[in-house]
Amino acid sequence: GNSVTQMEGPVTLSEEAFLTINCTYTATGYPSLFWYVQYPGEGLQLLLKATKADDKGSNKGFEATYRKETTSFHLEKGSVQVSDSAVYFCALSRDTGNQFYFGTGTSLTVIP
Amino acid sequence: ETGVTQSPTHLIKTRGQQVTLRCSSQSGHNTVSWYQQALGQGPQFIFQYYREEENGRGNFPPRFSGLQFPNYSSELNVNALELDDSALYLCASSLAGSSYNSPLHFGNGTRLTVT
């Protein structure tokens, strides 16, 4: 079946530190991969996406590369800010009908 | 551009009751999906509506049902509420009938508490 596994949190970093949040997936064929971010009290917002192998998605300094050989889509940012504190979800979309499969989320707290 | 809006934002119901949650999709989007997000978990797919018909369903019992209207807005109905139904219910719209590359645009959700 289709599933997403992402690293357990919570993650606490100092401002300007380097961020990596690991995400691996299981899917048949060629899924599209996404990172969503959820700020407190809000719904999920699309952060970035990649639709085929070796694609790199990027937005707001975050980036992730679709690695088919390792079935991974790790999220990285070179220098985090306090405003990046949120919960990050890795997701895939495989089936027709646009059904998404989400990981359990990784909580990030950035301290000044 | 109007985003996805959901109502109400919070709701408290008693076990056994029925509830209706509402969603207005982002302008121009023709597909609405509903997700259940339990505390500390990722969203779980309930079902999707396209052209006013159910177009995919997750592992949820029949007491979870929905509707999509001609203006693409949608309702989620849950009958015979159980304590485990307590969760954040998220509506998401997209511009897709069958494309799995189309990202979802989420509303802020309805927090349902069942006592």
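Nothing here was measured: the structure is a model prediction, and the numbers come from that model.

### Re the sheet that holds strand β8 (residues 62-65) of chain A
Residue and element names in this part refer to chain A.
Next, step 1: The sheet built from 4 strands is open, its strands ordered β3-β9-β8-β7 with antiparallel pairing. Edge positions in the sheet fall to β3 (19-21) and β7 (56-59), since each of these pairs with one other strand and no more. Between one strand axis and the next, the sheet turns through 15° on average, direction left out of account.
Next, step 2: In the sheet, β3 pairs with strand β9 (residues 75-77) via 3 bridges, with the strands oriented antiparallel. Each bridged residue has a counterpart across the sheet, and for Ile21 the counterpart in β9 is Leu75.

### Details of the interface of chain A and chain B
Next, step 1: With 24 residues of chain A at the contact, the number on the chain B side is 24 residues.
Next, step 2: Interface of chain A and chain B: buried area, both sides summed, is about 1800 Å²; carbon and sulfur atoms make up 51% of it.
Next, step 3: Counting every contact that joins chain A to chain B gives 0 salt bridges.
Next, step 4: At the junction of chain A and chain B, the tally comes to 4 residue pairs in polar contact (both at pLDDT 80 or more).
Next, step 5: In terms of residue class, the side of chain A that touches chain B is built from 8 nonpolar, 12 polar and 4 charged.

Criteria and thresholds
Residues numbered from 1 in each chain as written. Chains lettered and ligands numbered in written order. Predicted model: local features only at pLDDT ≥ 70, side-chain atom pairs only at ≥ 80, totals over all residues. Heavy atoms only, no water. Pairing = 2+ DSSP bridges. Helix = DSSP H or I, 4+ residues; strand = E, 2+ residues; numbered from the N terminus. Axes fitted to C-alpha atoms, helices over the stretch in contact; angles between N-to-C directions. Contact = heavy atoms within 4.5 Å. Buried area = accessible area lost by both parts, 1.4 Å probe. Salt bridge = Lys/Arg side-chain N within 4 Å of Asp/Glu carboxyl O. Polar contact = N/O pair within 3.5 Å; in protein donor to acceptor, adjacent residues only side chain to side chain. Nonpolar A, V, L, I, M, F, W, Y, C, P; charged D, E, K, R; others polar.

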